[in-house]
Amino acid sequence: MHTVTGRFDDGSAYQVQVTGDAARPVAGSARAAALVELHAGESIMLTPTGPPRAVSGTDEDTILAVLRRYTDVIASHRTTKE
């Protein structure tokens, strides 16, 4: 699980947990969750040089890629599930 802190283009801050759960891939910000849902199924580059993968709620790497592409990610760190 990752915890991500960032800002949207309008300056609004968010903090979310990327859960890896298909039913609720992002917890903590309805706006960030809607952004991820909007791009579900689209192909996204995981790094500037690839590889591309389809955005999936169970794929934490693609969720992080969406957040990095469409928001200003300030901090991201992996947390352990307890």
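As the structure is a prediction and not an experimental result, all values here were calculated from the model.

A. Quick peek at the pattern of salt bridges. As enumerated under the stated definition, the model contains three salt bridges in all. Arg31 is the partner of Asp10 in a salt bridge, and the nearest nitrogen-oxygen pair spans 3.1 Å. Here Asp10, found in the loop between strand 1 (2-7) and strand 2 (13-18), pairs with Arg31, found in helix 1 (residues 30-38); they are 21 residues apart in sequence, far enough to count as distant. Judged by its relative accessible area of 52%, Asp10 falls in the exposed class. On the accessibility criterion, Arg31 (41% relative accessible area) is partly exposed. Between Asp59 and Arg53 there is a salt bridge, and its shortest N-O distance comes to 3.0 Å. Among the ionic contacts, a cluster of salt bridges with common partners joins Arg53, Asp59 and Asp61.

B. Representation of the packing of aromatic side chains within the structure. Scanning the entire structure with this criterion turns up one aromatic pair. The residue whose ring lies beneath Arg31 is Phe8, and the NZ or CZ to ring-centre distance is 4.1 Å.

C. Expanded view of helix 2 (residues 60-70). Among all positions of helix 2, only Glu60, Thr62, Ile63, Leu64, Ala65, Val66 and Leu67 are buried. Looking at where helix 2 begins, the residue whose side-chain oxygen comes 3.1 Å from the main-chain nitrogen of Asp61 is Asp59.

D. Structural view of helix 1. Listed in full, the buried residues belonging to helix 1 are Ala32, Leu35 and Val36. Buried residues along helix 1 cover an arc of 95° about the axis, so they all sit on one side. Set apart from the buried face of helix 1 by more than 90 degrees, the exposed residues are Ala30, Glu37 and Leu38.

E. Looking closely at the nonpolar core. Among the nonpolar cores identified, the biggest contains 16 residues, and Val4, Tyr14, Val16, Ala32, Ile63 and Leu67 are the most heavily contacted of them. Elements supplying a minimum of two residues to this core: strand 2, helix 1 and helix 2. Considering every element that reaches this core, the biggest residue donor is helix 2, with five residues. With near-sequence residues (within four places) excluded, Ile63 lies in contact with Val18, Pro25, Val26, Val36, Val55, Ser56 and Gly57.

Reading the values: rules and limits
Within each chain, residue numbers correspond to sequence positions counted from 1 in written order. Whole-chain, interface and lining totals are the exception, using all residues; otherwise, since this is a predicted model, local features are given only for residues with pLDDT of at least 70 and side-chain atom pairs are given and counted only at 80 or more. Water and hydrogen atoms were dropped before computing side-chain values, which therefore reflect all heavy atoms in the structure. Salt bridges are identified by distance alone: a Lys or Arg side-chain nitrogen within 4 Å of an Asp or Glu carboxyl oxygen. Secondary structure follows DSSP: runs of H or I at least 4 residues long count as helices, runs of E at least 2 residues long count as strands, and numbering of each begins at the N terminus. Only protein chains enter the accessibility calculation, which uses a 1.4 Å probe; a residue whose area is less than 20% of its type maximum is buried, one above 50% is exposed, and one in between is partly exposed. The pairing test for Phe, Tyr and Trp rings, Trp by its six-membered ring, is centres within 6.5 Å, and the orientation test on the planes gives stacked under 30 degrees, edge-to-face over 60, and tilted for anything in between. Two thresholds decide whether a charge sits over a ring: the Lys NZ or Arg CZ must be within 6 Å of the ring centre and within 35 degrees of the ring normal. Side-chain atoms alone can form a polar contact between residues adjacent in sequence; in general such a contact is a pair of N or O atoms within 3.5 Å, and within protein one must be able to donate a hydrogen while the other accepts it. The arc under discussion is defined with respect to the helix axis, by the directions toward the C-beta atoms. As used here, the term nonpolar core means buried Ala, Val, Leu, Ile, Met, Phe, Trp, Tyr and Cys residues forming a set that is joined through side-chain atoms within 4.5 Å. In this description, contact between two residues means that some pair of their heavy atoms is separated by no more than 4.5 Å.

Structural measurements only, silent on function.
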